[in-house]
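Remarks on the overall topology
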Amino acid sequence: MYSPENIRKYFPILDSEVNQHKLVYLDNAATTQKHQSVIDTVSQFYEKENSNIHRGVHYLSQLSTNKFEQTRESVKNFINAQHTHEVIFTKGTTDSINLLAFSYSKILKKGDEVIVSEMEHHSNLVPWQMCCDYSQATLKVIPITNSGELDMSFFKKELSKKTKLVALTHISNSLGTINPIEKIIELTHQTDAKILIDGAQAAAHAKLDVQKLDVDFYCFSAHKLYGPTGVGVLYGKEKLLNMLPPYQGGGEMIKDVSIHKTTYAELPHKFEAGTPNIAGVIAFKKAIDFIEEIGVENMKEHEDILLNYATLKLEEIPNLSIIGTAPKKSGIISFVVSGIHHYDLGLILDKLGVAIRTGHHCTQPVMKKMNVSGTSRISFACYNTKTELDYTVDCIKKAIKMLS
Amino acid sequence: MYSPENIRKYFPILDSEVNQHKLVYLDNAATTQKHQSVIDTVSQFYEKENSNIHRGVHYLSQLSTNKFEQTRESVKNFINAQHTHEVIFTKGTTDSINLLAFSYSKILKKGDEVIVSEMEHHSNLVPWQMCCDYSQATLKVIPITNSGELDMSFFKKELSKKTKLVALTHISNSLGTINPIEKIIELTHQTDAKILIDGAQAAAHAKLDVQKLDVDFYCFSAHKLYGPTGVGVLYGKEKLLNMLPPYQGGGEMIKDVSIHKTTYAELPHKFEAGTPNIAGVIAFKKAIDFIEEIGVENMKEHEDILLNYATLKLEEIPNLSIIGTAPKKSGIISFVVSGIHHYDLGLILDKLGVAIRTGHHCTQPVMKKMNVSGTSRISFACYNTKTELDYTVDCIKKAIKMLS
Amino acid sequence: MQDSIENIGEEIVDEFNMFENWIDKYDYLIDLGKSLPKIDEKYKVEDNIITGCQSQVWLHAKQEDNKVVFIADSDAIMTKGIIAMLIRVLSGQKAEKIINTNLDFINKIGLNEQLSQTRANGLNSMIKQMKIYALAFKDK
Amino acid sequence: MQDSIENIGEEIVDEFNMFENWIDKYDYLIDLGKSLPKIDEKYKVEDNIITGCQSQVWLHAKQEDNKVVFIADSDAIMTKGIIAMLIRVLSGQKAEKIINTNLDFINKIGLNEQLSQTRANGLNSMIKQMKIYALAFKDK
Ligand SMILES: Cc1ncc(COP(=O)(O)O)c(C=O)c1O
Ligand SMILES: Cc1ncc(COP(=O)(O)O)c(C=O)c1O
């Protein structure tokens, strides 16, 4: 039996008080809380094992290297990549996307096209704007419908042999929409285009199989996956990663350096210049272990229950409208209350111990499209409970009353 | 009185055993060990305070943001920058240099020149090779002398009005040489060129004052400063940072995003796209507090004593030659033993509990210049002791005997 | 005669001190916000936006009888309450006074803690902008 | 007749087991390394370098009387010892055998633990390269 109460025991922060109220943490789309084993692994690493990795012959260096590489192996299994070296460690989703956008900026040409959508997080929009700017390629943007779904007919129409890359989010962080990525990947591959899926909001909430999906690139952040901050993943098919020019230059990513000519190392090192976030990567494994122990499908099932429950309760509140009403949604609810500013609502909820996010959620085009200046967003994780939602809904009502 | 014994109490790993011997950690140039307060701060953050930063109205988000920004303030004071927003957080020195090299690649033109040196770490060489490759600028390389010093006359000769940027290391990680950066900065500024100093090996071993130095850009890594992995700093003068195009695109670094036009945020956010290594940055403050409490000059004095002591003892060993014999050196000693491979030596020292680094230390051009395939390198930190050095020298003798 | 900045500040501190809990304080700010006169749409322009606030704040100033008069609006009511409070204290004062008077009362209200860093930044941005207006008028 | 791979492997395991501590094991490997015949400089070319080792390893193979003969060198003596050991087991065997025989003895020596990950990687790279040579000859 799935028990959020049992899970909560391993998340020490969930027991804290905020403003004299028990913390209700519903800002999980921004970052999740950390499992005790993740926290302990960081400490243990620094207290007993710390050393720089790769190339060292001494014991600690070997130990750190092994543990670092074990996380790569875990990530490989977690997403079912074909090869371990298809897993590149970055500092986060944003870093992963910028890596790819930079590399593509070196191979795209005038006339080439990149397709993104109107629902992208700025991290999956601005890098492509820059990439197209630098390479003179054209950026095409799939609009979204009123319910917050991709306009698939537009997408089909825009896909052409000019399309070189499609970069879309798996799950929208401001609307909750789950995009039909299987279909999108299939359509993309009917052309010669490659596809990147931004999985920042998906990796902790959807079962992943990059081989089955046949996705070319996929990325996510550890910190949204019960793991540490400062760690991200870029998965890419071996052949494509080999073909792309490197991103950052420096230690580890080279094979041979002479003053005027440098040859690059093999995957994954080619894309991992410099000392990485060693402690973070090593601790990240524990987050994956945790997710696999509970089962991401079980987590999703629980979150779906919360989503439906909260949606029904919120819909009962007068003047409250949910922004993002796609039939397939993940545990994210954005809403506005007419006449009330999200910022005021957030302030009062905070005073009552409820942590939600307010604003544009780094998706200004979505706000514009939906014709709102921002929203209040509640987002769930595997440890949230119905009781928390009941309390939150009461707090929202109270806040609306104060503010009306 | 400076007491390494007292300091060691705060570094739990220094008490461990490796291969049944007490650990003697002399691989500090690769990464330093972590102060207990740094370790505890990471745990505490994740257990009690974790949240994503910036833009959040709720308590935890505010708390995390405040703490994150406090580290920026500490770094500002540590290096005596004029403004807090001149401190950009990156994932490490390599990331800092790549940021700058990318931005410069967008403003340099054919005919412009960038000057680096033969003693650079690959992280301060490869990015400039790439930058010059992309921008068609010319890379000039200052050779080093047999003792491992910069050929200053060459430098003076190469500086010209074509020079746009000089990128040099403060302290060589494979030779230990302390470069005369005051003089170098002064000479550089007699032209219109700007200068970046790679302080990866210096920040924990030399008192810094970026205003007094009048350096344009300076960078270093927290992990070589008793701080966490995955955190780096790029300092830049406000005016210059404002002038440079942004590096990565994404959340936080924008002011306004629309589908086809994006305006960038103010410093420092302009250069900090995406969720940073929040726990790491927050814990980094404790490392700086520790250094300031002990005093970096006091640390340096102690390390200089160790350097002289070890140099004398090593010089007594037959067939052993020290690589890098500049008069001004930091606590780094590279050496070779004729007829013995550094790798074999490193293996045996490891079995005796002594952690040193062997190989090219990410400075292949230095190895080539010095005509060696690699070196054995011992490098000191504030917590090393003479007793450790005595033991290490004995072990080196033992290893040489086994291998001869 | 217009009360001094200090006096009005003290008045506000006294009013705030009457409230025992945050709910009442927030209610008070909300009421202050509601009491702020509507402003003409023509003032809600880019140039009048104060940056550094999480909600939009427009601030405009004019000089009347040698005094500085502020008008402002925000899309968030709490922010409006704060700016209403600042206007109550600073609007109608001499430019010189606005520039030089110590705004101690803000610390006494404890708004900084109440409001947390980002919001305190917003508050500081507002005050800074008001002083900049005052400076501009003084130099005329 | 050439001993089987298994037999020689067992022999080596026995020899290693005689040593009680790492110093003696290392000494043994060093001696093995020293005993490896010098190879002609012409074999020390880029093409013969095994990647994945921390020191340089050159490996060359030829076929003689239907057997695969390996010659190798390294700049580090310990690495040379390891490769000498592998040569003692695999050189002079039939290609087929080299490809199919289980190299269990390596685990029994505990070289993997003795050597740690990077070095174990090096060891694996060597074995892999030897099998690749064998495969190439077999297909001829
Ligand atoms: C859909 C999506 N993409 C990208 C990002 C950026 O992730 P990070 O800030 O970890 O780089 C986020 C995080 O909010 C997101 O939700
Ligand atoms: C002189 C120098 N520069 C740059 C670097 C790269 O630092 P990091 O690996 O932390 O990015 C190092 C680290 O070894 C160094 O010693």
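For the structure, see preceding data.
The next thing to look at is the overall build of chain A. Per the secondary structure count, chain A includes 14 helices and 17 strands. Radius of gyration (C-alpha) of chain A: 22 Å, near the 22 Å computed for a compact globule of 404 residues. Once the C-alpha set of chain A is aligned to its principal axes, its extents read approximately 70 × 55 × 35 Å. Counting every position in chain A, which comprises 404 residues, the buried fraction comes to 70%. Of the charged side chains in chain A, 44 are positive and 45 negative; the average position of the first set lies 4 Å away from that of the second.

Ranking by contact count across 5 pairs of chains in contact places chains A and B at the top. The least C-alpha distance between chain C and chain D, which are not in contact, is 48 Å.

Judged by nonpolar contacts, the single largest core of 152 residues is most densely connected at Tyr226 and Phe284 of chain A together with Tyr226 and Phe284 of chain B. With 76 residues, the next largest nonpolar core counts Ile5, Phe19, Leu86 and Ile109 of chain D among its residues.

Superposition of chain A onto chain B requires a rotation of 180 degrees combined with a translation of 0.0 Å along the rotation axis, giving an RMSD of 0.0 Å. Here the copies are linked by what is in effect a two-fold axis. Interface overlap between copies is the fraction of interface residues in one copy that are interface residues in the other; for chain A against chain B it reaches 100%, indicating a shared surface.

Taken together, 14 residues sit near ligand 2, with Thr275 of chain A together with Thr94, Asp198, Ser221 and Lys224 of chain B positioned nearest. Each of chains A and B places residues next to ligand 2. In this structure, an oxygen atom belonging to ligand 2 sits 3.4 Å away from a main-chain N or O atom of Thr93 of chain B. Considered on its own, ligand 2 offers 390 Å² of accessible surface; in the complex 95% of this is hidden by protein. When grouped by side-chain class, the residues that make up the shell around ligand 2 number 1 nonpolar, 11 polar and 2 charged.

What follows deals with the interface of chain A and chain C. Where the parts come together, the accessible area they lose is often given as the size of the interface. Residue-level contacts link 12 residues of chain A with 15 residues of chain C. When chain A packs against chain C, close to 1,300 Å² is buried across both sides, 65% of that on carbon and sulfur atoms. A per-residue breakdown of the area chain A buries against chain C is headed by Tyr343, Lys351 and Met402 of chain A, which together make up 46% of the total. Counting across the chain A and chain C interface gives 0 salt bridges. The interface formed by chain A and chain C contains 4 residue pairs in polar contact (both at pLDDT 80 or more).

Taken together, the neighbourhood of ligand 1 is formed by 14 residues, with Thr94, Asp198, Ser221 and Lys224 of chain A together with Thr275 of chain B sitting nearest. Chain contributions to the surroundings of ligand 1 come from chains A and B. One of the side-chain N or O atoms of His121 of chain A is found 3.2 Å from an oxygen atom in ligand 1. Take His223 of chain A: an N or O atom from its side chain is 2.7 Å from an oxygen atom of ligand 1. Classifying every residue of the shell around ligand 1 by side-chain character gives 1 nonpolar, 11 polar and 2 charged.

Here we take up the pattern of salt bridges. Taken as a whole and assessed by the stated rule, the structure comprises 42 salt bridges over all chains. Here Asp95 of chain B ties to Lys91 of chain A by a salt bridge, and the two come within 3.3 Å at their closest N and O atoms. You can see Asp95 of chain B sitting in helix 4 (residues 93–105) and its partner Lys91 of chain A sitting in the loop between strand 4 (87–90) and helix 4 (93–105), one on each of two chains. Given the relative accessible area of 15%, Lys91 of chain A is considered buried. Between Asp27 of chain B and Arg357 of chain B there is a salt bridge whose closest N-O contact spans 2.9 Å. Here Asp27 of chain B is found in the loop between strand 3 (24–25) and helix 2 (36–49), whereas its partner Arg357 of chain B is found in strand 16 (residues 357–359), with 330 residues between them in sequence. When sorted by exposure, Asp27 of chain B lands in the same class as Arg357 of chain B, which is buried.

All names here are of chain B. On the basis of which strands lie adjacent, the open sheet formed by 7 strands has the order 4-10-9-8-7-5-6 and mixed pairing. Two strands close off the open sheet at either side, each with one partner strand: strand 4 (87–90) and strand 6 (138–142). Direction aside, the axes of adjacent strands within the sheet are offset by 20 degrees on average. Note that strand 4 and strand 10 (residues 232–236) share 4 bridges and pair antiparallel. From the neighbouring strand, Val87 faces strand 10, where its bridge partner is Tyr235. Contacting strand 4, strand 9 (217–221) and strand 10, helix 3 (residues 59–79) runs over the sheet at an angle of about 120 degrees to strand 4. Contacting strand 4, strand 7 (163–169), strand 8 (194–198), strand 9 and strand 10, helix 4 crosses the sheet at an angle of about 150 degrees to strand 9.

A separate point is the pairing of strand 11 (residues 254–257) of chain B. Relative to strand 12 (residues 262–264) of chain B, strand 11 of chain B is paired through 3 bridges, and the arrangement is antiparallel. When the bridges of strand 12 of chain B are listed, Ile254 of chain B appears paired with Tyr264 of chain B.

The next point concerns the sheet that holds strand 13 (residues 320–323) of chain B. Residue and element names in this part refer to chain B. Taken in spatial order, the 4 strands make up an open sheet running 13-14-17-16, and their pairing is antiparallel. Every interior strand has two partners, whereas the edge strands, strand 13 and strand 16, have only one. Taking each pair of neighbouring strands and ignoring which way they run, the sheet shows an average axis angle of 30 degrees. When strand 13 meets strand 14 (residues 332–337), the two strands line up antiparallel, connected through 4 bridges. Paired with Ile322 across the bridge in strand 14 is Phe335. Set on the sheet, helix 12 (residues 342–351) makes contact with strand 14, strand 16 and strand 17 (375–379); between it and strand 16 the angle comes to about 160 degrees.

What counts and how
- Residues numbered from 1 in each chain as written.
- Chains lettered and ligands numbered in written order.
- Predicted model: local features only at pLDDT ≥ 70, side-chain atom pairs only at ≥ 80, totals over all residues.
- Heavy atoms only, no water.
- Helix = DSSP H or I, 4+ residues; strand = E, 2+ residues; numbered from the N terminus.
- Rg over C-alpha atoms; globule rule 2.2 N^0.38 Å.
- Buried < 20%, exposed > 50% of the residue type's maximum accessible area, 1.4 Å probe, protein only.
- Lys, Arg positive; Asp, Glu negative; His and termini not counted.
- Charge placed at Lys NZ, Arg CZ, Asp CG, Glu CD.
- Contact = heavy atoms within 4.5 Å.
- Core = buried A, V, L, I, M, F, W, Y, C linked by side-chain atoms within 4.5 Å.
- Least-squares fit on C-alpha atoms with pLDDT ≥ 70 in both.
- Near = heavy atom within 4 Å.
- Polar contact = N/O pair within 3.5 Å; in protein donor to acceptor, adjacent residues only side chain to side chain.
- Areas by Shrake-Rupley, 256 points an atom, 1.4 Å probe, with all protein chains shown as cover.
- Nonpolar A, V, L, I, M, F, W, Y, C, P; charged D, E, K, R; others polar.
- Buried area = accessible area lost by both parts, 1.4 Å probe.
- Salt bridge = Lys/Arg side-chain N within 4 Å of Asp/Glu carboxyl O.
- Pairing = 2+ DSSP bridges.
- Axes fitted to C-alpha atoms, helices over the stretch in contact; angles between N-to-C directions.

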